[in-house]
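# Coordinates in review
Chain by chain, the residues:
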Amino acid sequence: MKRVPIFLAMVVMASVLTPTSNTLAATATVSIGVQSTPNAGESLVTFYGKVKPASKAKITIQSFDGITWKETPLTATASAVGSWRITTVATAIKAEGQYRATALVGKKKYRST
């Protein structure tokens, strides 16, 4: 009968020492929106979005040139509640195209869809 308690103790120790999978780890999402504001002088383009869960992530904007995604010089840091906004003067290159946001949370990068 001494074998049962010893066996149970070994099972409990093995389950405690087994690493948990990363499927339970939280993942972040980043959203992006683009708004163009026509102006008499210069038109403005505003990129905005939110990081969930809220964190002060570093946001970068990438543009698609038809072949690959390329980094733009547009960057921002999300606020404590996770919202971010980048406003820039519209040029011919920035006026039309596909854009995505990349959020750097800790050491992991998350891309908008």
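Please refer to the structure placed before this passage.
Residues numbered from 1 in each chain as written. Predicted model: local features only at pLDDT ≥ 70, side-chain atom pairs only at ≥ 80, totals over all residues. Heavy atoms only, no water.

Turning our attention to the packing of aromatic side chains. Going through the model one piece at a time under the given rule, you end up with two aromatic pairs. Ring plane angle 70° and centroid distance 5.0 Å describe the contact between Phe-47 and Tyr-99, whose orientation is recorded as edge-to-face. Separated by 52 residues along the polypeptide, Phe-47 in strand β3 (residues 44–52) and Tyr-99 in strand β7 (residues 98–105) bring together distant segments of the chain. For Phe-47, a relative accessible area of 0% gives the class buried. Each ring, one from Phe-64 and one from Trp-69, has its centre 5.1 Å from the other, and the planes form 45°; the classification is tilted. Overall, Phe-64 belongs to the partly exposed group, its relative accessible area being 30%. (Phe/Tyr/Trp six-rings, centres within 6.5 Å; stacked < 30°, edge-to-face > 60°. Helix = DSSP H or I, 4+ residues; strand = E, 2+ residues; numbered from the N terminus. Buried < 20%, exposed > 50% of the residue type's maximum accessible area, 1.4 Å probe, protein only.)

Attention now goes to the sheet that holds β7. Pairing in this open sheet of four strands is antiparallel, and the strands run β5-β4-β7-β8 from one edge to the other. The open sheet terminates on both sides in strands that have one partner only, identified here as β5 (69–77) and β8 (108–111). Taking the axes of each pair of neighbouring strands and ignoring which way they run, one obtains an average angle of 30° across the sheet. (Pairing = 2+ DSSP bridges. Axes fitted to C-alpha atoms, helices over the stretch in contact; angles between N-to-C directions.)

What follows deals with the pattern of salt bridges. All told, the structure shown has one salt bridge when counted by the stated rule. As a salt-bridge pair, Asp-65 and Lys-70 come within 3.2 Å of each other at their nearest N and O atoms. Accessibility expressed as a relative area gives 42% for Asp-65, which makes it partly exposed. (Salt bridge = Lys/Arg side-chain N within 4 Å of Asp/Glu carboxyl O.)

What follows concerns the side chain of Thr-102. In this fold, Thr-102 is placed in strand β7. The exposure class assigned to Thr-102 is buried, which follows from its relative accessible area of 4%. Excluding anything up to four places from it in sequence, Thr-102 contacts Lys-58, Ile-59, Thr-60, Gln-62, Lys-109, Tyr-110 and Arg-111. (Contact = heavy atoms within 4.5 Å.)

Looking at chain direction, strand β4 (residues 58–64) and β5 are connected through six bridges and run antiparallel. Looking across to β5, one finds that Lys-58 is bridged to Thr-77. Hairpin remark: β4 followed by β5, antiparallel, with four residues in the connecting loop; positive phi at Gly-66, about 105°.

Glancing now at the nonpolar core. The biggest cluster of nonpolar side chains holds 15 residues, and the ones touching the most others in it are Val-30, Phe-47, Val-51, Ile-59, Ile-61, Trp-84 and Ile-86. The set of elements that each furnish at least two residues to this core consists of β3, β4, β5, β6 (83–89) and β7. Excluding residues within four positions of it along the chain, Val-51 makes contact with Thr-29, Val-30, Ala-57, Ile-59, Ala-78, Gly-82, Trp-84, Ala-103 and Val-105. (Core = buried A, V, L, I, M, F, W, Y, C linked by side-chain atoms within 4.5 Å.)

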